[in-house]
Amino acid sequence: MTKKKRLLTGDRPTGALHLGHFVGSLQNRVRLQYEYDTFIMIADAQAITDNYDNVGRIAAHVYELVCDYVSVGIDPAVSHIFIQSMIPELFEMTAYFMNLVTIQRIGHNPTVKLETKQKGFREGVPAGFYLYPMFQVSDILAFKADVVPVGYDQAPMVELTRDVAKKFNATYKTELLVIPEAIFPVSLQTNLLGLDRNKMSKSLNNAIYLKDTRDEIVQKVRKMPSDPDRVDYHAPGSPEKVLVFDYLRIFDPDQEGLDALVDQYRKGGVMDKTVKERLIEVLDALLVPIREKRASVAEDRKRVESILREGTKAAREVAGDTLAEIKEVMGLVFPL
Ligand code: TRP
């Protein structure tokens, strides 16, 4: 049997996961976890780079994230779910890797530039935040990950990681570090917009969460905007302008039935209420089993802890081995 390739990915524990995560990354992970030796990092140390004054909130979300993962089918028996801050080896590695990158290079990272603008740090940019891509380099290299499934915004991080790995290997004349490949979401589904057509985000409260109740779904879908140019439902409509249809395209298992509804809507005579009710049923049907599974994990704190304990133990072993190898090829070995 050939050894499985390794996959490493992660999330910041800053809030509940929503449908955008579901189609953008979670489904993909569920599918890939049996094919790859999978490590999923809960990046709490990274999350506090812009939440250092609210660590409690981040820590609380670590458990929530585990519940979200398990609820959608990430299987802790095959995927190692672990906590970044519990792997001190990562931070030591970062110290060595930082020698291989210029400050200028870090400053040019487009994602960090954008985030810096959005966050509007009033007292200047914290060094920890500015340098978080360097910590992410270690997250990936410590596990010798072959593939890193991420959103497009993370492309610069993986690019930086590749460069560090190559420079490390060249400098210390080794092939120790694996040059990782990013895997990006393939389908347009991943562009799932928020309920108000803005990017899905917690602060805008425009997302449907995996843990939302049926009532919450009903409230949210009812508020979704419909075609503003249609005077009443007898008039022909433009399904392209109606976000509810975009959602149905992604989530409705009966795509032929949906085609028929789209045609009807175009001709006229279909109430927006009818379309919304269809979406409510589709989303509720999707989320019923997820919600149930989530509830059963969430009430079993011991189970969540044991998932994290096992995952973190496995992760720490791998990172420890890599760190020892790194120090050895660098010549930092003192047999005291
Ligand atoms: N930066 C990622 C995000 O904001 C989270 C993350 C941390 C990550 N370390 C990682 C993703 C390593 C992939 C690989 O979503």
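Residues numbered from 1 in each chain as written. Predicted model: local features only at pLDDT ≥ 70, side-chain atom pairs only at ≥ 80, totals over all residues. Heavy atoms only, no water.

When you tally the buried positions in strand S2 (residues 37-42), you get five out of six residues, the bulk of the element. Here strand S1 (residues 6-11) runs beside S2; their pairing, made up of six bridges, is parallel. Directly across from Leu 7, in S2, lies its bridge partner Thr 38. Traced from S1 through helix H1 (residues 19-32) to S2, the parallel crossover comes out right-handed. (Buried < 20%, exposed > 50% of the residue type's maximum accessible area, 1.4 Å probe, protein only. Helix = DSSP H or I, 4+ residues; strand = E, 2+ residues; numbered from the N terminus. Pairing = 2+ DSSP bridges. Right-handed = clockwise from strand over helix to strand, strands pointing away.)

To continue, consider the pattern of salt bridges. Inspection of the entire model under this criterion finds 24 salt bridges. Across the pair Asp 163 and Arg 105 runs a salt bridge whose closest N-O atoms are separated by 2.7 Å. With a gap of 58 residues between them, Asp 163 in helix H9 (residues 155-171) and Arg 105 in helix H5 (residues 103-107) connect regions that are remote in the sequence. The partly exposed category is assigned to Arg 105, whose relative accessible area is 31%. Between Arg 214 and Asp 284 there is a salt bridge whose closest N-O contact spans 2.9 Å. With Arg 214 in helix H10 (residues 214-222) and Asp 284 in helix H13 (residues 272-298), this residue pair connects regions lying 70 residues apart in the sequence. Residues participating in the shared-partner salt-bridge network are Glu 64, Asp 68, Lys 211 and Arg 294. (Salt bridge = Lys/Arg side-chain N within 4 Å of Asp/Glu carboxyl O.)

Here we come to H9. Taking 1.5 Å per residue as the helical rise, H9 with its 17 residues ought to reach 24 Å, and the 24 Å between its terminal C-alpha atoms agrees with that figure. Within H9 the residues assigned to the buried category are Pro 156, Met 157, Val 158, Leu 160, Thr 161, Arg 162, Val 164, Ala 165, Phe 168 and Asn 169. Lys 173 sits one or two positions beyond H9 and adopts a positive phi of about 50°. (Expected span 1.5 Å × (residues − 1).)

What follows is about the site of the ligand. Around the ligand lies a shell of 13 residues, among which Arg 12, Gln 46, Gln 136, Asp 139 and Gln 154 are the nearest. Measuring from a nitrogen atom of the ligand, one finds a side-chain N or O atom of Gln 46 at 2.7 Å. Interatomic distance of 2.9 Å between a side-chain N/O atom of Gln 154 and a nitrogen atom of the ligand. Protein chains shield 91% of the accessible area of the ligand, which is 360 Å² for the free molecule. (Near = heavy atom within 4 Å. Polar contact = N/O pair within 3.5 Å; in protein donor to acceptor, adjacent residues only side chain to side chain. Areas by Shrake-Rupley, 256 points an atom, 1.4 Å probe, with all protein chains shown as cover.)

Once that is clear, we can look at H1. Owing to its 3.6 residues per turn, the α-helix brings residues three or four apart onto one side. Here H1 is 14 residues long and its end C-alpha atoms lie 19 Å apart, about the 20 Å a rise of 1.5 Å per residue gives. At Ser 25, H1 is bent by approximately 40°, the largest bend along its length. Looking at H1, one finds that the buried residues are Leu 19, Gly 20, Phe 22, Val 23, Gly 24, Leu 26, Asn 28, Arg 29 and Leu 32. (Bend = angle between axes of the 7 residues up to and from the residue.)

Think of interface size as the accessible area that goes away when the parts come together; that is how it is often given. The assigned domain composition of the protein is domain 1 (6-192 + 301-330) and domain 2 (214-294). When the two sides are added together, the surface that domain 1 and domain 2 hide from each other amounts to roughly 980 Å², 73% of it contributed by carbon and sulfur. A salt bridge links Arg 294 to Glu 64; its shortest N-O distance comes to 2.9 Å. Across the contact surface, domain 1 and domain 2 share two residue pairs in polar contact (both at pLDDT 80 or more). When contributions to the side of domain 1 that touches domain 2 are tallied by element, the ones reaching two or more residues are H1 and helix H3 (55-72). Broken down by element, the side of domain 1 that touches domain 2 gets its largest block of residues, six residues, from H3. Of the residues in the side of domain 1 that touches domain 2, the class split is seven nonpolar, three polar and two charged. (Domains from an automatic or database assignment. Buried area = accessible area lost by both parts, 1.4 Å probe. Nonpolar A, V, L, I, M, F, W, Y, C, P; charged D, E, K, R; others polar.)

Glancing now at unusual backbone geometry. In this structure, Lys 144 is a non-glycine residue whose phi angle is positive, near 50°. Take Lys 144: it is sitting in the loop between helix H8 (132-141) and strand S4 (147-149). In this structure Lys 144 comes out as partly exposed when scored by relative accessible area, which is 22%. One non-glycine residue with positive phi stands out, namely Lys 173, at about 50°. Looking at the element boundaries, Lys 173 is found in the loop between H9 and strand S5 (181-183). Take Lys 173: its relative accessible area is 73%, and that puts it in the exposed class.

With that out of the way, let us pick up the side chain of Glu 115. Mapped onto the fold, Glu 115 is located in helix H6 (residues 110-119). Note on Glu 115: relative accessible area 12%, which makes it buried. Residues in contact with Glu 115, not counting those within four places in the same chain, are Arg 12, Phe 129 and Tyr 132. (Contact = heavy atoms within 4.5 Å.)

Here we come to the nonpolar core. The biggest cluster of nonpolar side chains holds 52 residues, and the ones touching the most others in it are Tyr 69, Phe 245, Tyr 247 and Phe 251. With eight residues, H13 is the single largest residue contributor to this core. Apart from residues lying up to four places away in sequence, Phe 251 is in contact with Leu 19, Phe 22, Val 23, Leu 192, Val 282, Leu 283 and Leu 286. Within the second largest apolar cluster, 36 residues are counted, among which are Ala 43, Leu 90, Met 134 and Leu 176. (Core = buried A, V, L, I, M, F, W, Y, C linked by side-chain atoms within 4.5 Å.)

Here we come to the layout of surface pockets. Volume-wise, the largest pocket comes out at about 1900 Å³. For the largest pocket, the lining is made up of 49 residues, of which Arg 12, His 21, Asp 153, Gln 154 and Lys 199 are closest to its centre. (1 Å grid on protein atoms, 1.4 Å probe; cavity = no way out; pocket = protein on both sides within 12 Å on 5 of 7 lines; lining within 4 Å. Points joined across faces, edges and corners; volume = space filled by probe spheres on them.)

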